[in-house]
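So you can see what is in the structure, the chains are spelled out below.
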Amino acid sequence: MSALPAKPCLHHSVSEWNSNNYQLSATAQHERHVSNVIRQEGRSLRSETNCQTAWDESDNSRRLSDRVWDVARWKEALETCAQKTDEEMEALTLFKEQTEQALAATAVPLEVSTECLTLREGRRGYELVTDPVDEQLKKEVELIERVQQDLQQHIDKAFEQLCILQEARHQLTADLQNKMDALDIDMSCLSLTIKSPMISLKTNPTRIPSGSSTPEEWVQFSQFNVARAQEAMQVSQQMREDMSLTRAQLQNELDTQRRATEFALRKRNHHEEQACDELKWQIRNTEHEMADMESEIYGLDADLQAKTASLKLAHTRLENRTSRPGMDLCRDEVQHGLVNEVSQLEATIVALKQKLSEAQHSLQKMKLHHARMLQDLSRKQEALSLEQRSMNTRTRLTSTSCVEKTPTLLVPLTNSSGRSNLQLLAQ
């Protein structure tokens, strides 16, 4: 019988077979042990991670809730500050418009004072004097111009402060809008759960966005906006007080100066009337004296003519008596009487002529002075008319006050967002 051929493979011994079986059992046991350890660690890891995840979610939800409360608190503070800023802007605008009305009201007093000065420049002669009325009118014009300058300065400052308030209001509005947007986002995040349909994995969600700020910077930014607005409101309130006080003081100064000017005008008008009455009395007396002087001149001339006739008579008698013949050409008492009469008449005629010349010269001087008085009376009456016209012109001031007492209706202001009230909606 032929031998069987052997397979071309490695044959192991029984010891090797036993060793292999032992190794398989040991390895299986080891792997089961490792698996058991891994399973125990997996359970522990799952339990630990579940607890950690639940804690983290709860902790972050609490942080989100705290953050929402912080943002809501700052949102309320910004809204309150913005509302106060709007109120202060409306109040400052009201005071600014009242000051503008006060400035516009000074145009009439300035026009009246200037017109009075112009009218009084129409006086002529000795009536064109620099009297207390001129001084008071010039002081009044200077005061009104100073008042206009002061009021314009307050208006300019109020406009600049309104711009500052508007800028602060704009910053508050922008910050408030950001707070409302952030509040919406945080509240939306707070409402999300693992079962929300809109959650998903994002690409690099842990990145730090550009422009991010720290919590300290976030608080400081809102604090700065609120502090800036409050400071602007404090300045505005002080400015309103200054404007009100200034308007009252300037109005008192204008009223005091107006009364002083009107008193000087009334006093000057009274003096003008007294001067006119005095001059009229002087003119009447001068006219009476001129009439008496003309009558006296007529009497002196008539008497001079009569004395000339008497002198002619005496001359004729003396001349005729020189024709007496012989011893009858005697220097008798008649001769002496006629000579004395001629001497007396000649002296009388000289005296009468001198007195007539003096009377005529005096009458001429009275006529010239009478003409001057008439001219001066005309100028005084013209000046009195100008004074009365000035007083009538100043009656316009009684119906016009430099500071309006009644507030005017205002158009509601719009803030930097274009709304009249704080009505910012989250987008």
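See above for the structure.
Worth saying up front: this structure is predicted, and the values here are computed from it rather than measured.

Here is what the cut-offs are and how they apply
Residues numbered from 1 in each chain as written. Predicted model: local features only at pLDDT ≥ 70, side-chain atom pairs only at ≥ 80, totals over all residues. Heavy atoms only, no water. Helix = DSSP H or I, 4+ residues; strand = E, 2+ residues; numbered from the N terminus. Buried < 20%, exposed > 50% of the residue type's maximum accessible area, 1.4 Å probe, protein only. Polar contact = N/O pair within 3.5 Å; in protein donor to acceptor, adjacent residues only side chain to side chain. Contact = heavy atoms within 4.5 Å. Core = buried A, V, L, I, M, F, W, Y, C linked by side-chain atoms within 4.5 Å. 1 Å grid on protein atoms, 1.4 Å probe; cavity = no way out; pocket = protein on both sides within 12 Å on 5 of 7 lines; lining within 4 Å. Points joined across faces, edges and corners; volume = space filled by probe spheres on them. Nonpolar A, V, L, I, M, F, W, Y, C, P; charged D, E, K, R; others polar. Patch = residues over 30% accessible without salt bridge, like charges linked within 9 Å, V, L, I, M, F, W, Y side chains within 5 Å. Areas by Shrake-Rupley, 256 points an atom, 1.4 Å probe, with all protein chains shown as cover. Salt bridge = Lys/Arg side-chain N within 4 Å of Asp/Glu carboxyl O.

A. Expanded view of the side chain of Arg 120. Its location among the elements puts Arg 120 in helix H2 (residues 107–120). On the basis of relative accessibility, which here comes to 1%, the residue Arg 120 falls in the buried class. Reaching out from Arg 120, the side chain makes a polar contact with the side chain of Asp 131 at a distance of 2.5 Å. In this view, Arg 120 contacts Leu 128, Asp 131, Val 133, Asp 134, Leu 137, Leu 265, Arg 268, Glu 387 and Ser 390; residues no more than four positions away in its chain are not counted.

B. Representation of the nonpolar core in the model. Grouped together as the largest cluster of nonpolar side chains are 24 residues, with contacts concentrated most on Cys 81, Leu 92, Leu 165, Leu 172, Val 226 and Met 243. Sorting the residues of this core by element identifies helix H1 (14–105), helix H3 (132–191) and helix H4 (215–321) as the ones contributing at least two each. Ranked by the residues each element gives to this core, the list is headed by H1, at nine residues.

C. How the structure looks around the layout of surface pockets. Approximately 580 Å³ is the volume attributed to the largest pocket. Taken together, 16 residues form the lining of the largest pocket, with Glu 57, Cys 189, Leu 192, Thr 193 and Ile 199 sitting closest to its centre. Counting residues per element, the ones that place at least two in the lining of the largest pocket are H1 and H3. The leading source of residues in the lining of the largest pocket is H1, at seven residues. A breakdown of the residues in the lining of the largest pocket according to their chemical character gives seven nonpolar, six polar and three charged. Volume-wise, the second largest pocket comes out at about 180 Å³.

D. Just a nonpolar patch on the surface, in detail. A cluster of nonpolar side chains, namely Leu 192, Ile 194 and Ile 199, defines an oily patch on the protein surface of about 290 Å² accessible area. Owing to a relative accessible area of 41%, Ile 199 belongs among the partly exposed residues under this scheme.

E. A look at the environment of Val 219. Among the secondary structure elements, Val 219 is positioned in helix H4. By relative accessible area, which is 25% here, Val 219 ends up partly exposed. In this structure, the C-alpha to C-alpha distance between Val 219 and Trp 74, residues 145 residues apart in sequence, is 8.9 Å.

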